[in-house]
Amino acid sequence: MSRSARWSLVALGLLLGLVGLLQPDRSRELSRSTFGVTSVGHGALLALLTELGLPASRSFAPADALPPGATVWWIEPQGVCRPRTPSADAVEAPWTGDAWLAAGGVAVVFLGADPDDDCAEIAGVTVPARTAVDHRPDAPRAAQTIDGPLVGAPRLLPMPALASFTDHGAGTVRAMIDGKPFVVAMPVGDGTLVLVADAAPLRNQWLDAGDAALFAMDLVRAYGVPRIDERSHGLHRERGAVRYLARSPAVPALLGIAVLGLLVVWHANLWPARRAPNAPEPAPTLEAFVDSLAHLYARSGDFQRVAERYQQLAAARLRRHFGLPADTPLPALLDRLRASRRAAPPALAALTAPIAARSAAALAATVRALDALVEDVTR
């Protein structure tokens, strides 16, 4: 492989890698986050709040870096609470929001219905046990009513049965669903921890069912416009892979890999090209054949003959363009050219005028005139 071919392959690989890095990350659209557009995502919730003119936003900051006194919603989070049955191989980021919460923050945690999302404790507060529910897509719907001091009026939720708390624990019941605790508020220092037994009403699939959107607005009215946490879903503020990698600890490793690749290519170029002994000569290509003929004509110095032959070649190209037989006389070809009105009459003289090419410059002028005629006719 030649040196230019090696560098072309390297450039192609770098270009393909760069194109891949610049592609937007579509995986977040399938997640259970406000980026999610599937039935289990929460993109409709953020769209609802912003369309109403509320300054709701996403939060990618760790809990200990949240603004003091802010209201933050964690919707079906991972790593926020300690599970009742810890898994030996589970790796979750520890909760770091105790100080922020105790200093006056408001944490609203919407618990997931999956068994893996079951919580036992958040910020040192015991989470009451919850009832088990069936959240399969084909689960039957039930008309459930949420009432209590949190909501302005009873809210009807026609959706599959929602989980509820078996008791209110150390908190105060702020809303009940069919008489069972559904929203529980617990003081933590100067802050408030709000637990919602089931996050299903906030999902894209159910936000427009019954009064689910009104229930979400009841929470906003009671605890303030929220920042919706996305860090617990493994998401970061960086939208592109390049920006993320540029700020990550992987930059030295990536630079090392790039330098190593360049050294490999450079080292391969140091070796002389190897050729097997007594290898047969490759067959000449058509381009090499044409080049050799051009060299022979150039060495002959017979510019007149070359110009005449090029004039015949131009006429043959025009015959093929009009679909005429190869032996069509030149006058018939000229009549066809005049009928097409694609070339000015002076330009046709290039086909009929006697050739007087006694120098390379005259030959070049003749060739340019013939090429211009063919281009005008065939374009």
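Below is a short write-up of the structure.

About the criteria used
Residues numbered from 1 in each chain as written. Predicted model: local features only at pLDDT ≥ 70, side-chain atom pairs only at ≥ 80, totals over all residues. Heavy atoms only, no water. Helix = DSSP H or I, 4+ residues; strand = E, 2+ residues; numbered from the N terminus. Areas by Shrake-Rupley, 256 points an atom, 1.4 Å probe, with all protein chains shown as cover. Salt bridge = Lys/Arg side-chain N within 4 Å of Asp/Glu carboxyl O. Buried < 20%, exposed > 50% of the residue type's maximum accessible area, 1.4 Å probe, protein only. Expected span 1.5 Å × (residues − 1). Arc of directions from axis to C-beta. Contact = heavy atoms within 4.5 Å. Patch = residues over 30% accessible without salt bridge, like charges linked within 9 Å, V, L, I, M, F, W, Y side chains within 5 Å. Pairing = 2+ DSSP bridges. Axes fitted to C-alpha atoms, helices over the stretch in contact; angles between N-to-C directions. Core = buried A, V, L, I, M, F, W, Y, C linked by side-chain atoms within 4.5 Å. Parallel < 35°, antiparallel > 145°, perpendicular 65-115°, else oblique. Left-handed = near helix turned anticlockwise from the far one by under 90°. Nonpolar A, V, L, I, M, F, W, Y, C, P; charged D, E, K, R; others polar.

### Structural notes on the overall build of the protein
Each helix and strand counted, the protein has 11 helices and 11 strands in total. For the protein, the accessible area works out to roughly 22,000 Å², and carbon and sulfur atoms hold 60% of it.

### A look at the pattern of salt bridges
The full count for this structure, using the stated rule, is 7 salt bridges. Among the salt bridges present, the one from Arg 221 reaches Asp 218, with a minimum N-O distance of 2.9 Å. One end of the pair is Arg 221 and the other is Asp 218, both in helix α4 (residues 212–223) and 3 residues apart, which spans about a single turn. The class of Arg 221 is exposed, set by a relative accessible area of 53%. A residue is classified by how much of its surface remains accessible, and Asp 218, at 1% relative accessible area, is buried. Each of Arg 32, Glu 76 and Arg 203 takes part in salt bridges that share partners, so that together they form one network.

### As for helix α11 (residues 360–378)
Given a rise of 1.5 Å per residue, 19 residues ought to cover 27 Å, and the 27 Å separating the end C-alpha atoms of α11 matches this to within 8%. All buried positions along α11 are accounted for by Leu 363, Thr 366, Leu 370, Leu 373, Val 374 and Val 377. Projection of α11 onto a plane perpendicular to its axis shows the buried side chains occupying an angular sector of 95°, all on one side. Every exposed residue of α11 that faces more than 90 degrees away from the buried side is listed here: Ala 361, Arg 368 and Glu 375. The inward-facing, buried residues of α11 abut α8 (303–322), α9 (330–340) and α10 (345–352).

### A word on a nonpolar patch on the surface
Taken together, the side chains of Leu 286, Phe 289, Val 290, Leu 293, Leu 296 and Tyr 297 make up a nonpolar region of the molecular surface, amounting to roughly 620 Å² of accessible area. Judged by its relative accessible area of 45%, Val 290 is partly exposed.

### Brief notes about unusual backbone geometry
A positive phi angle, close to 55°, is found at Ala 123, a residue other than glycine. By secondary structure assignment, the location of Ala 123 is in the loop between β4 (121–122) and β5 (125–126). Looking at Ala 123, the relative accessible area reads 15%, which means it is buried. Here the phi dihedral of Asp 178 falls at roughly 50°; this positive angle occurs in a residue that is not glycine. Here Asp 178 is to be found in the loop between β8 (172–177) and β9 (180–188). With relative accessibility at 48%, the residue Asp 178 sits in the partly exposed group.

### Some thoughts on the pairing of strand β6 (residues 141–147)
Where β6 and strand β7 (residues 155–160) come together, 6 bridges link them in antiparallel fashion. Note that in β7 the partner of Thr 145 across the bridge is Leu 156.

### Brief notes about α9
When we look at burial in α9, the residues that qualify are Leu 333, Leu 334, Leu 337 and Ser 340. Taken end-on, α9 shows its buried residues confined to a sector of 120°, consistent with a single buried face. Among the exposed residues of α9, those pointing more than 90 degrees away from its buried face are Pro 331 and Ala 339. Against the buried residues of α9 lie α8, α10 and α11. In the segment just after α9, Arg 341 is the residue with positive phi, at about 55°.

### Remarks on the environment of Ala 123
Distance in space between the C-alpha atoms of Ala 123 and Cys 81 is 7.7 Å, their sequence separation being 42 residues. If we ignore the near neighbours within four places in the chain, the residues touching Ala 123 are Trp 95, Asp 98 and Leu 101.

### Looking at the sheet that holds strand β2 (residues 71–75)
Ordered in space as β1-β11-β2-β3-β10-β9-β8-β6-β7, the 9 strands form an open sheet in which the pairing is mixed. Looking at strand neighbours, the two that pair on one side only are β1 (57–59) and β7, the edges of this open sheet. Recorded for the sheet is a direction-independent mean angle of 25° between the axes of neighbouring strands. Note that β8 and β9 share 5 bridges and pair antiparallel. Residue pairing in the sheet places Ile 177 in a bridge with Lys 180 of β9.

### Considerations on the nonpolar core
Of all hydrophobic cores here, the largest spans 60 residues; its most connected members are Trp 73, Trp 74, Phe 110, Ile 122, Phe 182, Leu 193 and Phe 215. Of all hydrophobic cores here, the second largest spans 15 residues; its members include Phe 322, Leu 333, Leu 348 and Val 377.

### Some details on the packing of α9 against α10
It is the contact of α9 with α10, at a shortest axis distance of 11 Å, that shows an interaxial angle of 160°. Put simply, α9 runs roughly antiparallel to α10. Of the two elements, α9 crosses α10, and the hand of that crossing is right-handed. Facing α9, whose interface residues are Leu 330, Leu 334, Leu 337 and Arg 338, α10 presents Leu 348, Leu 351 and Thr 352. Grouping the constituent residues of the contact of α9 with α10 by class yields 5 nonpolar, 1 polar and 1 charged.

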